[in-house]
Amino acid sequence: MKFSLSLLCENPTRKTGLTTLYAALIEKSLLLYPELSWILYVGEAMEIEFPPEVASRVQIVRDYAGNDRVYPRLFADHFLVAPHAAKNGSLCHVTTGFIPMRKAGLPIAMHMLTLHHLSEDNQVDPLRKFYRSMAARKGLENADLIITNTEFVVSQILQICPSAKDRMIQSYEGLDHADFNDQPEEGEVERLAESYGITPGYLFWSSNFYPYKQAELLMDAYADLPDELQETMPLIMVGGGGWGNGLDEALERAKSNSIPEHRVKHLGWVPDEDIPALFRHAHLFSLPSREETFGRCVLESMACGTPCVVNDIPVMHEVTQGAAKIVDYRD
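Within every chain, residues take consecutive numbers counted from 1 along the sequence as written. Residues qualify for local features only when their pLDDT is at least 70, as the model is predicted, and side-chain atom pairs are given and counted only at 80 or more; totals for whole chains, interfaces and linings, by contrast, use all residues. Side-chain metrics rest on all non-hydrogen atoms present in the structure, leaving aside hydrogens and water.

**Q** Help me understand the nonpolar core in this model?
**A** What tends to happen in soluble globular proteins is that the nonpolar side chains get buried as a cluster. Formed by 28 residues in total, the largest nonpolar core has its most connected members in Tyr-202, Phe-204, Leu-278, Phe-279, Phe-285 and Val-298. Every helix listed is a DSSP run of H or I at least four residues long, and every strand listed is a run of E at least two residues long, numbered separately from the N terminus. Sorting the residues of this core by element identifies α6 (188-196), β8 (202-206), β9 (235-238), α10 (275-280), β11 (282-287), α11 (296-303), β12 (308-311) and α12 (314-320) as the ones contributing at least two each. Examining the composition of this core, we find that four residues originate from one element, α10, more than from any other. Two residues qualify as a contact provided that any one of their heavy atoms is within 4.5 Å of a heavy atom in the partner residue. Setting aside chain neighbours within four positions, we find Val-298 in contact with Phe-285, Leu-287, Cys-308, Val-310, Met-316 and Thr-320. Residues Leu-7, Leu-21, Val-42 and Val-54 belong to the second largest nonpolar core, which totals 21 residues. In this description, a nonpolar core means a group of buried Ala, Val, Leu, Ile, Met, Phe, Trp, Tyr and Cys residues linked to one another through side-chain atoms lying within 4.5 Å. Burial here depends on accessible area, computed with a 1.4 Å probe over protein chains only, as a share of the maximum for the residue type. Under 20% is buried, over 50% is exposed, and the range in between is partly exposed.

What follows is the structure in structure tokens.
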């Protein structure tokens, strides 16, 4: 039994939440089902590997453009990948947010994990918004199976496409607790000090700077803290710029709030192995997002034993189940 999955839509040079999610999906499914194998489509530059016990059952195909070349990638995902998968024995093709225009007779299981194009506040550029709207509508109407991660997103999907109800599975995302736990590794405090110049007790942000993440509101809240507290509790931020100018706007808001530069440290992208340690030694983790479909960084923080202060949106109530401080970041 062989399935296929396309990761062409993900950043080929930086690991994303979906890259991690799908790699885990493939690995765990292979451990559960000895008769299963996968064809995995990734961009030419993407580094991805699997444990030796399952690696031989994953055929990694790098023949098509990744998301660093958007238009060739779109053409490949919509016209070339499914026929290639069908020719090579796939019984079902898994995608994110779309169904191929050329399906080659394959059933399509579509993950729907983002509906950010629905809100003008998210500053999605017009061309991207047009494509996402069209792909989401067509996918929800025609996918053989729709997979999403929270009851909140289920309700959103059913508002757009009521007919999706009988073709939908809701499944929460998970974590590898071998990595995300509250037990510090030997020497990790010293490693954080050496690598990033930080010591335990900071405020933490871990996310790309998309407009809907509302980093500027975190800057406003941080600016209201007393000087002596800011000085002992810097704001440490990891993550890339995302679309738009979210990172620049956040740093500009810090400047306009007269926050000294040394109190807000943007570390950019950091190695995967440092993320749990950064969570573990934070005083608290903050997520002021205007919308989320899940918010796995909150789950990571809770697993590492770090308190969370999150925005008052429906999905945060669902995911944290009373284990976080929920506030209105506009207040």
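**Q** Sorry, what's going on with the sheet that holds strand β5 (residues 108-111) here?
**A** Sheet strands pair via backbone hydrogen bonds, and the direction of the pair is either parallel or antiparallel. On the basis of which strands lie adjacent, the open sheet formed by seven strands has the order β3-β2-β1-β4-β5-β6-β7 and parallel pairing. Pairing within the sheet leaves two strands with one partner each, and these edge strands are β3 (58-61) and β7 (168-170). On average, each strand axis in the sheet is inclined to that of its neighbour by 20°, with strand direction left out of account. In this structure, strand β1 (residues 2-6) lies alongside strand β2 (residues 37-41), joined through five bridges in parallel fashion. Along β2, the bridge assignment pairs Lys-2 with Ser-37. In this analysis an axis means a line fitted to C-alpha atoms, helices contributing only their contacting stretch, and an angle means the value between N-to-C directions, from 0 to 180 degrees. Most of the contacts of helix α1 (residues 17-32) go to β2, to which it runs at about 160°, and overall it touches β1, β2, β3, β4 (93-96) and β5. If DSSP finds at least two bridges between two strands, the strands pair.

**Q** Is there a simple way to think about the pairing of β11 in this case?
**A** Looking along a regular strand, one sees the side chains alternate between the two faces of the sheet. Burial of β11 is extensive: five of the six residues sit out of reach of the surface. Here three bridges tie β8 to β11, and the two strands are oriented parallel to one another. Its bridge partner being in β11, Leu-203 is matched across the sheet by Leu-284.

**Q** What is the right way to look at α1 in this model?
**A** Helical geometry note: an α-helix holds 3.6 residues per turn, so side chains three or four residues apart project in the same direction. In this analysis, the expected span of each helix is defined as 1.5 Å times one less than the number of residues it contains. In this model α1 runs 22 Å from its N-terminal to its C-terminal C-alpha over 16 residues, within 8% of the 22 Å that 1.5 Å per residue would give. All of the buried residues along α1 are Leu-18, Thr-19, Leu-21, Tyr-22, Ala-23, Ile-26, Ser-29 and Leu-30.

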